[in-house]
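Summary of structural features
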Amino acid sequence: MAILSSKKYDDNTLGNVLKQVVDAVNTGNIGGPTGLTGPTGPSGGPTGYTGYTGVTGPTGLPQGPAGPQGQQGAAGSTGNTGATGPTGGTGPQGAQGITGPTSLSGGTTGPTGPTGATGQTGPTGVTGPTGVATGATGFTGNTGNTGNTGPTGPTGYTGPGFIFVAPTSDPHIVNAVWNNSGVLTVSAG
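Residues numbered from 1 in each chain as written. Predicted model: local features only at pLDDT ≥ 70, side-chain atom pairs only at ≥ 80, totals over all residues. Heavy atoms only, no water.

Here's the deal with the overall build of the protein chain
Counting its regular elements, the protein chain contains one helix and two strands. When each of the 189 residues of the protein chain is scored for burial, the buried share is 6%. If you take every contact in the protein chain between residues at least 6 apart in sequence, the share linking residues at least 24 apart comes to 22%. (Helix = DSSP H or I, 4+ residues; strand = E, 2+ residues; numbered from the N terminus. Buried < 20%, exposed > 50% of the residue type's maximum accessible area, 1.4 Å probe, protein only. Contact = heavy atoms within 4.5 Å.)

The following block contains the structure:
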């Protein structure tokens, strides 16, 4: 399993990387054993021998089990309403009904009564005096002094940070950080 490493992790990916490291440690499948360190040559001497490559872990299953069946899709929308058919023809007019008999005439209208006399308009009352004038507005009182600002409280304790332990062998991932005998080294891939 390839675990990305860097000198400065993004806060959004740090938790995911730490989980991958813990999972790798719990499974015990971190990689093959580290090769022997070559002897240190004299100043300007040749580079020591490269250690042996670790044994490749077992290959996983070629294909995982089939996932559960997905949910049934939503029902399709209702189609457009078809065109309205033509209106049928108007039926024939029915036969005219029989006219009823005319009522008897000869009733007389009564006389109109006389119009009554219009009453006299009463006199208008005297207008009362206007009310008392509004008094003067009182003075606005003085504004009180502003109180002193209270002291600032002490700063609370800052909690501990987190610890990341780099792998002790080259993960062969570009820009991944690993512990090369006590020196943090960026892998070239």
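Here's the deal with helix 1 (residues 11-27)
Three- or four-residue spacings in an α-helix give side chains the same orientation, since the helix completes a turn every 3.6 residues. Helix length check: helix 1 (17 residues) gives 26 Å between terminal C-alpha atoms against 24 Å at 1.5 Å per residue, within 8%. Buried residues of helix 1: Leu 14, Val 17 and Ala 24, and no others. Around the axis of helix 1, the buried residues are gathered within 95° of arc, so they sit on the same side. The outward face of helix 1, more than 90 degrees from its buried face, is lined by the exposed residues Asn 12, Lys 19, Asn 26 and Thr 27. Positive backbone phi, at 75°, marks Gly 28, one or two positions downstream of helix 1. (Expected span 1.5 Å × (residues − 1). Arc of directions from axis to C-beta.)

A few points about the pattern of salt bridges
Pairing between side chains of opposite charge can happen when the charged atoms of each approach one another. The final tally for this structure, using the stated rule, is one salt bridge. Taking the shortest distance from any N to any O, the salt bridge between Lys 19 and Asp 23 comes out at 2.9 Å. Placement of the pair is Lys 19 and Asp 23 together in helix 1, with a separation of four residues, close to one helical turn. (Salt bridge = Lys/Arg side-chain N within 4 Å of Asp/Glu carboxyl O.)

A closer look at unusual backbone geometry
In this structure, His 172 is a non-glycine residue whose phi angle is positive, near 55°. Relative to the elements of secondary structure, His 172 occurs in the loop between helix 1 and strand 1 (177-180). His 172 sits in the exposed class, given a relative accessible area of 56%. Despite not being glycine, Ser 181 shows a phi value in the positive range, around 55°. Looking at the element boundaries, Ser 181 is found in the loop between strand 1 and strand 2 (183-186).

A closer look at the pairing of strand 1
As defined by bridge partners, strand 1 adjoins strand 2 across four bridges and the pair is classed as antiparallel. The partner of Val 177 across the bridge, within strand 2, is Val 186. Hairpin connection, strand 1 to strand 2: the antiparallel pair is bridged by two residues, and Ser 181 has positive phi, about 55°. (Pairing = 2+ DSSP bridges.)

Here we look at the side chain of Ser 187
Mapped onto the elements, Ser 187 comes out in the segment after strand 2. Separated by 3.2 Å, the side chain of Ser 187 and the backbone nitrogen of Gly 189 make a polar contact. Excluding its chain neighbours within four sequence positions, the residues that come into contact with Ser 187 are Asp 170, Pro 171, His 172, Ile 173, Val 174, Asn 175, Ala 176 and Trp 178. (Polar contact = N/O pair within 3.5 Å; in protein donor to acceptor, adjacent residues only side chain to side chain.)

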